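# Overview (structure and organization)
Take a look at the letters that make up each chain.
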Amino acid sequence: MTKAIHFLPDEKNHEATRLLPYVMAVMVYLSALALMGSMMLHKGFGDWTESLSNRLTVQVTTADREARETQVRQVIQLLRNTPGIEHVRKLNEVEIEQLLEPWLGVGNVTSDLPVPDILDVTVSRALKINLDALNAQISKISDNIHLDDHQQWLGRFLRLMDMVEYTALGILLLVVMATICMVIFGTKAGMAENRETIAIMHHLGARDSMVARAYQNRFMIYGLKGGIIGLVLAFVTLISLIYLSRDLASGLAPVPDLPMVEVGILLVVPIIAAAISMLTARITVMRDLRRMV
Amino acid sequence: MIHFDNIGMRYGMGSEVLKDISFNLKPGSLHFLTGPSGAGKTSLLKLMYLAQRPSRGKITMFNEDVTAAKREDLPKLRRRIGVVFQDFRLLDHLTAVENVALPLRISGGKGTEIEEHVKELLTWVGLKGRMKSRPPTLSGGEKQRVAIARAVIKRPDILLADEPTGNVDPAIAKRIMHLFVELNKLGTTTVIATHDMSLVEEVGADRLHLQNGRLHMIRTGETVPNLEEEKFDSREFSSGTLDQNEFDPKPIARDEVL
């Protein structure tokens, strides 16, 4: 491969394309946000639903304290004898208080407040439990005992999350397509601006690939520059959003962290932007030059 | 070296600007290309430096049929041709040295060798003090010398020059012609398009004379009607009462040239 020859005017004199890095920055910013949003939702809620998928919650709502404690003991006994149940644990008062605080406020959970006893049940992933049969057996102990496998509301929630995730990926795809169109437009404008220069290079014996290399290198730099600016802005936005969501979520929903693996993936975005930009420019130049003599 | 066989050329759907052009230039030959403005000199040169393809006929250069050559095969042929354009066609954002170095860089030459070689040639054409200057700051004559230096830097097999002495004083013109003649003696096939008849007479080479898109070979020493240019001009601007017998230089018979 021959060395790239510097024959195009300096970037600052390139009227058609000198603003391109900034437009690229916006594109990378939107891509990074969409990608990160999608990854964080996937990971954050994925972990959360994963942790709930092998959990059951049993609520004993009997008002009489003694009767309730007897029923709790009976249920625990029943659950421990049920194949497929790995672990049964009764939540203590502090844990129940923590669960209620987001709704009632800190310090408002008083001892005279009638709260149910809650059992946190861990189910084996290997064995399938017949929940209907288990529910029937529990009902025999008392009608005030409720078994909740979270599936009803979790299913809806997961569908919503899936939709948000697909929307984010859709936005990402649109942004990539818009970037490609923009690079094609920029390359064509750049070529039109330097049509005479390209013609001279051809007369001097330059191959199409030589001309294309000058453009692809230039657009790769645009992509990289824009990518870095866009990524920095995306990080600032993400960190701000996470910081704000911590205050707002207050335990109602899991607050996603900035996970290191996803951050690592995000660091590749400017390189991908540069590669898309470079390849698009090359293909555009080669196709356009093929129409010349 | 350059063989045109019954070449016709038109731009788009227009009428033919070159008609039935046939000639053969032997390797190492020197020819002037003459003719009035608009006769097709630049179009003929464009065909020779492979910037255009003919509408019909066959062109053979370097023993290759260039009319049938694939696009990707043209660059290696173009690298063997040096061209001095009438409008110089220098890259305005590059210095004189960088402009002259382009053909060497395109052919993959090495940086330091290129620079030495280029500086030597620019000194020779009298541009020692203007090496780092960019074309917009150069005079017409200086630009022309940079363009000439760029065309000859690789010592091409074919040198095509379109009015190479049009913008320089007689002393420099003589020097440039001397350079062309020397290159020709070294084996470069040379075609120089010019209106400067004194230059043609001084060098004394055969002429390819274009008139109304048709080519006529005028051998060294052959006399040409003195009123040739005037008559052409009057015909061009008259109301159309063209007398075909007014000027009729002998068209070249194909077997005479080929």
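Heads up: these notes are all about the structure in this document. This one's a predicted model, so the numbers in the text were calculated from it and none came from an experiment. (Residues numbered from 1 in each chain as written. Chains lettered and ligands numbered in written order. Predicted model: local features only at pLDDT ≥ 70, side-chain atom pairs only at ≥ 80, totals over all residues. Heavy atoms only, no water.)

Let's shift gears to the pairing of strand E1 (residues 2–10) of chain B. Residues and elements named next belong to chain B. Note that E1 and strand E2 (residues 16–25) share six bridges and pair antiparallel. Opposite Ile2, over in E2, you have Leu25 as the bridge partner. Hairpin connection, E1 to E2: the antiparallel pair is bridged by five residues, and Gly12 has positive phi, about 60°. Pairing analysis gives five bridges linking E1 to strand E4 (residues 56–61), with the strands arranged antiparallel. Residue Gly8 lies in a different strand from E4, and its bridge partner there is Arg56. (Pairing = 2+ DSSP bridges. Helix = DSSP H or I, 4+ residues; strand = E, 2+ residues; numbered from the N terminus.)

So, on to the nonpolar core. One finds Tyr215 and Leu266 of chain A to be the most contacted residues of the largest nonpolar core, which totals 47 residues. At the level of secondary structure, the elements contributing two or more residues to this core comprise helix H1 (20–53), helix H5 (151–193), helix H6 (195–203), helix H7 (208–249), helix H8 (260–267) and helix H9 (269–289) of chain A together with helix H3 (96–106) of chain B. It is H7 of chain A that contributes the most residues to this core, 12 residues altogether. Residues within four places of Tyr215 of chain A in sequence aside, it is in contact with Leu8, Thr187, Gly190, Met191, Asn194, Ile198, Ala281 and Val285 of chain A. Ranked by size, the runner-up nonpolar core spans 39 residues in total, among them Ala96, Leu138, Ile153 and Leu199 of chain B. (Core = buried A, V, L, I, M, F, W, Y, C linked by side-chain atoms within 4.5 Å. Buried < 20%, exposed > 50% of the residue type's maximum accessible area, 1.4 Å probe, protein only. Contact = heavy atoms within 4.5 Å.)

Picture the strands of a sheet paired through backbone hydrogen bonds; they go either parallel or antiparallel. All names here are of chain B. An order of E6-E7-E8-E3-E9-E10 is seen for the six strands of this open sheet, with the pairing classed as mixed. At either end of the open sheet lies a strand with only one pairing partner, and these are strand E6 (81–84) and strand E10 (214–218). The sheet shows a mean angle of 20° between the axes of neighbouring strands, taken without regard to direction. Taken together, the four bridges between E6 and strand E7 (residues 158–162) define a ladder with parallel strand orientation. Each bridged residue has a counterpart across the sheet, and for Val83 the counterpart in E7 is Leu160. Across the sheet, helix H1 (residues 41–48) is in contact with strand E3 (30–34), E6, E7, strand E8 (189–193), strand E9 (206–211) and E10; its angle to E7 comes to roughly 155°. (Axes fitted to C-alpha atoms, helices over the stretch in contact; angles between N-to-C directions.)

This brings us to the sheet that holds strand E3 (residues 117–123) of chain A. Residues and elements named next belong to chain A. Taken together, the four strands give an open sheet; going across it, the order is E2-E3-E1-E4, and neighbouring strands pair in antiparallel fashion. The open sheet has two edge strands, strand E2 (85–90) and strand E4 (145–148), and neither has a second partner. Averaged over all pairs of adjacent strands, the angle between strand axes in this sheet comes to 20°, irrespective of strand direction. Pairing of strand E1 (residues 55–60) with E3, which is carried by six bridges, proceeds in the antiparallel orientation.

Let us look at the interface of chain B and chain A. Taken together, the 23 residues of chain B in the interface contact 22 residues of chain A. Interface area, chain B with chain A, both sides summed: about 2000 Å², of which 61% is carbon and sulfur. Counting the contacts that link chain B with chain A gives two salt bridges. Linking Asp208 of chain A and Arg71 of chain B is a salt bridge whose minimum nitrogen-to-oxygen distance equals 2.3 Å. Connecting chain B to chain A are seven residue pairs in polar contact (both at pLDDT 80 or more). When contributions to the side of chain B that touches chain A are tallied by element, the ones reaching two or more residues are helix H2 (74–78) and H3 of chain B. Here the side of chain B that touches chain A is built from residues that sort into 12 nonpolar, two polar and nine charged. (Buried area = accessible area lost by both parts, 1.4 Å probe. Salt bridge = Lys/Arg side-chain N within 4 Å of Asp/Glu carboxyl O. Polar contact = N/O pair within 3.5 Å; in protein donor to acceptor, adjacent residues only side chain to side chain. Nonpolar A, V, L, I, M, F, W, Y, C, P; charged D, E, K, R; others polar.)

Time to look at the layout of surface pockets. Residue and element names in this part refer to chain A. Looking at the largest pocket, its volume works out to about 950 Å³. Broken down by secondary-structure element, the contributors of at least two residues to the lining of the largest pocket are H1, E1, helix H3 (93–104) and E3. When residues of the lining of the largest pocket are assigned to their parent elements, the largest contribution, seven residues, is made by H3. Grouping the constituent residues of the lining of the largest pocket by class yields 15 nonpolar, six polar and five charged. (1 Å grid on protein atoms, 1.4 Å probe; cavity = no way out; pocket = protein on both sides within 12 Å on 5 of 7 lines; lining within 4 Å. Points joined across faces, edges and corners; volume = space filled by probe spheres on them.)

This next bit is on the side chain of Glu163 of chain B. All names here are of chain B. Its place among the elements puts Glu163 in the loop between E7 and helix H6 (170–185). It turns out Glu163 is buried and unbridged, and the closest side chain with the opposite charge, Lys41, is 5.2 Å from it. Of note is the side chain of Glu163, whose polar atom sits 2.6 Å from the side chain of His195. (Lys, Arg positive; Asp, Glu negative; His and termini not counted.)

As a further point, take the packing of H3 of chain B against helix H4 (residues 111–124) of chain B. Residues and elements named next belong to chain B. Where H3 contacts H4, the two axes come as close as 9 Å, and the packing angle between them is 125°. Between H3 and H4, the angle falls in the class oblique. Two packed elements cross with a definite hand, and for H3 against H4 that hand is right-handed. Facing H3, whose interface residues are Ala96, Val97, Val100, Ala101, Leu104 and Arg105, H4 presents Gly111, Ile114, Glu115, His117, Val118, Lys119 and Leu122. The residue makeup of the contact of H3 with H4, split by class, is eight nonpolar, two polar and three charged. (Parallel < 35°, antiparallel > 145°, perpendicular 65-115°, else oblique. Left-handed = near helix turned anticlockwise from the far one by under 90°.)

Throughout the structure, instances matching the rule amount to three aromatic pairs over all chains. Pairing Phe219 of chain A with Tyr222 of chain A gives two aromatic rings, centres 5.2 Å apart and planes at 80°, and the pair type is edge-to-face. Here the residue Phe219 of chain A and the residue Tyr222 of chain A both occupy positions in helix H7, the gap between them amounting to three residues, near one helical turn. Just as Phe219 of chain A is buried, Tyr222 of chain A falls in that class too. The ring of Phe85 of chain B carries Arg89 of chain B above its face, with NZ or CZ at 4.9 Å from the centroid. (Phe/Tyr/Trp six-rings, centres within 6.5 Å; stacked < 30°, edge-to-face > 60°. Lys NZ or Arg CZ within 6 Å of the ring centre and 35° of its normal.)

Let's shift gears to the environment of Lys41 of chain B. Residue and element names in this part refer to chain B. Examined against the element boundaries, Lys41 turns out to sit in helix H1. A C-alpha to C-alpha distance of 8.4 Å links Lys41 and Asp162, two positions 121 residues apart in sequence. Setting aside anything within four residues of it in sequence, one finds Lys41 in contact with Leu33, Thr34, Gly35, Pro36, Ala193, His195 and Leu210. Engagement of the side chain of Lys41 in a polar contact is seen with the side chain of His195, the distance being 3.4 Å.

Our next topic: a nonpolar patch on the surface. Residue and element names in this part refer to chain A. A cluster of nonpolar residues, Leu224, Ile228, Val232, Val236, Val268, Ile271 and Ile272, forms a patch on the protein surface that exposes about 590 Å² of accessible area. Looking at the nonpolar patch, the elements that each hand over two or more residues are H7 and H9. One can find Leu224 in helix H7. (Patch = residues over 30% accessible without salt bridge, like charges linked within 9 Å, V, L, I, M, F, W, Y side chains within 5 Å. Areas by Shrake-Rupley, 256 points an atom, 1.4 Å probe, with all protein chains shown as cover.)

All names here are of chain B. Counting buried positions along E7 gives five out of five residues, so the element sits mostly inside the fold. Both faces of E7 are covered, namely the face carrying Ile158, Leu160 and Asp162 and the face carrying Leu159 and Ala161. Of the pairings in the sheet, the one linking E7 to E8 comprises five bridges and is parallel in character. Opposite Ile158, over in E8, you have Thr189 as the bridge partner. In this fold, E7 hands off to H6, which returns the chain to E8; that crossover is right-handed. (Right-handed = clockwise from strand over helix to strand, strands pointing away.)

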